[in-house]
Amino acid sequence: MAGAEVLVERGGDGIVEVVLNRPEKLNALNRPTWIALAAAFRDLSADASVRCILMRGAGDKAFSPGADISEFASERADRAQCEAYAPLIDAAFKAIGDCPHPVVAMIRGLCVGGGLLLAARCDLRICGQGSRFGAPISRLGMTMAHSELSALIGLAGRATALEILLEARILDAAEAERKGLVTRVVPDAEVEAEARAAARRIAEGAPLVHRWHKAFVRRILSGAPPGEADLAEHFACFDTQDYRAGYQAFLEKRKPDFRGH
């Protein structure tokens, strides 16, 4: 996929990397990138062999600075164009948010605007001390869509979301961690190693359990009261081979071999 805006790189351990591949533009998000992201995550969601997805930007200068402003004059020049463009963004965000597999964002450098919203849809966000965060879209005279804003509020809360949007200030990594925007901050030289270590730790766990936990969290956060079927689903894990493999390995003081069934 040389030259593609989004690369999908598979490892032999069930860890898949999704790479925003526009380093010449600091991985800015354009029409082909949104389309490719949605397709990549839909495909990976249907692949039971995946244990963890690691999303990152190409190079070490940016995860993504957000939208590629250079395409606005041709793609997003007025209301009609923006209304036609919005479903591309929504589809990508939905595909990431709905992904049943754990998703870890490896963040180096800028993570701003749409880049921050992409990271917000990941399950873990690991960044370097030199990373920067924000959403200064008021300076472009544009609003953040409801579906996008909900992810930011869900991640950092109402007060921080409004602070980011109203002040249009860029936050350093330490402040971003205090405000809940990132999971973990490490020295810049250690971001890749720490993110890959986190992905390996996740991949070593029972994949069915990870998918159940993600589904449970989504349902709880939806605000809808759990029904009997939701509560009963918790017990489904006890009929899996992975459950038997897990407790037997614990008793035998060895590493379990989870197969995802």
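See above for the structure.
Conventions and cut-offs
- Residues numbered from 1 in each chain as written.
- Predicted model: local features only at pLDDT ≥ 70, side-chain atom pairs only at ≥ 80, totals over all residues.
- Heavy atoms only, no water.
- Salt bridge = Lys/Arg side-chain N within 4 Å of Asp/Glu carboxyl O.
- Buried < 20%, exposed > 50% of the residue type's maximum accessible area, 1.4 Å probe, protein only.
- Axes fitted to C-alpha atoms, helices over the stretch in contact; angles between N-to-C directions.
- Helix = DSSP H or I, 4+ residues; strand = E, 2+ residues; numbered from the N terminus.
- Parallel < 35°, antiparallel > 145°, perpendicular 65-115°, else oblique.
- Left-handed = near helix turned anticlockwise from the far one by under 90°.
- Contact = heavy atoms within 4.5 Å.
- Nonpolar A, V, L, I, M, F, W, Y, C, P; charged D, E, K, R; others polar.
- Phe/Tyr/Trp six-rings, centres within 6.5 Å; stacked < 30°, edge-to-face > 60°.
- Lys NZ or Arg CZ within 6 Å of the ring centre and 35° of its normal.

Please explain the pattern of salt bridges as it appears in this structure.
Side-chain pairs of opposite charge can arise where the charged atoms are in close proximity. The tally for this structure, following the rule as stated, stands at 24 salt bridges. The residue Arg-201 makes a salt bridge to Glu-194 at a minimum N-O spacing of 3.2 Å. Residue classification places Arg-201 among the partly exposed residues on the basis of a relative accessible area of 47%. Taken together, the salt bridges that share partners define one network made up of Glu-9, Glu-17, Arg-56, Arg-108, Glu-192 and Arg-196.

Would you mind going over the packing of helix α1 (residues 31-45) against helix α3 (residues 79-97) with me for this structure?
Two measures define how a pair of helices packs: the angle their axes make with one another and the distance between the axes. At a closest axis distance of 8 Å, the pairing of α1 and α3 adopts a crossing angle of 30 degrees. Considered as vectors, α1 and α3 are oriented roughly parallel to each other. The two elements α1 and α3 cross, and the hand of that crossing is left-handed. Of the residues in α3, those touching α1 at Arg-31, Trp-34, Ile-35, Leu-37, Ala-38, Phe-41, Arg-42 and Ser-45 are Tyr-85, Leu-88, Ile-89, Ala-91, Ala-92, Phe-93, Ala-95 and Ile-96. Looking at the contact of α1 with α3 residue by residue, the class counts come to 13 nonpolar, one polar and two charged.

Which parts of the structure should I look at to understand the packing of aromatic side chains?
Where two aromatic rings form a pair, the distance of their centres and the angle of their planes describe that pair. Throughout the structure, instances matching the rule amount to four aromatic pairs. Between Phe-238 and Tyr-243 the ring centres are 4.9 Å apart and the planes differ by 90 degrees, which places this aromatic pair in the edge-to-face class. Judged by relative accessible area, Phe-238 falls into the partly exposed class, the value being 33%. Joined through ring pairs, the aromatic side chains of Phe-235, Phe-238, Tyr-243 and Tyr-247 make up one cluster. Its end group placed over the ring of Tyr-85, Arg-76 keeps NZ or CZ at 4.6 Å from the ring centre. Above the face of the Phe-93 ring, Arg-121 is positioned so that its terminal group lies 4.0 Å from the ring centre.

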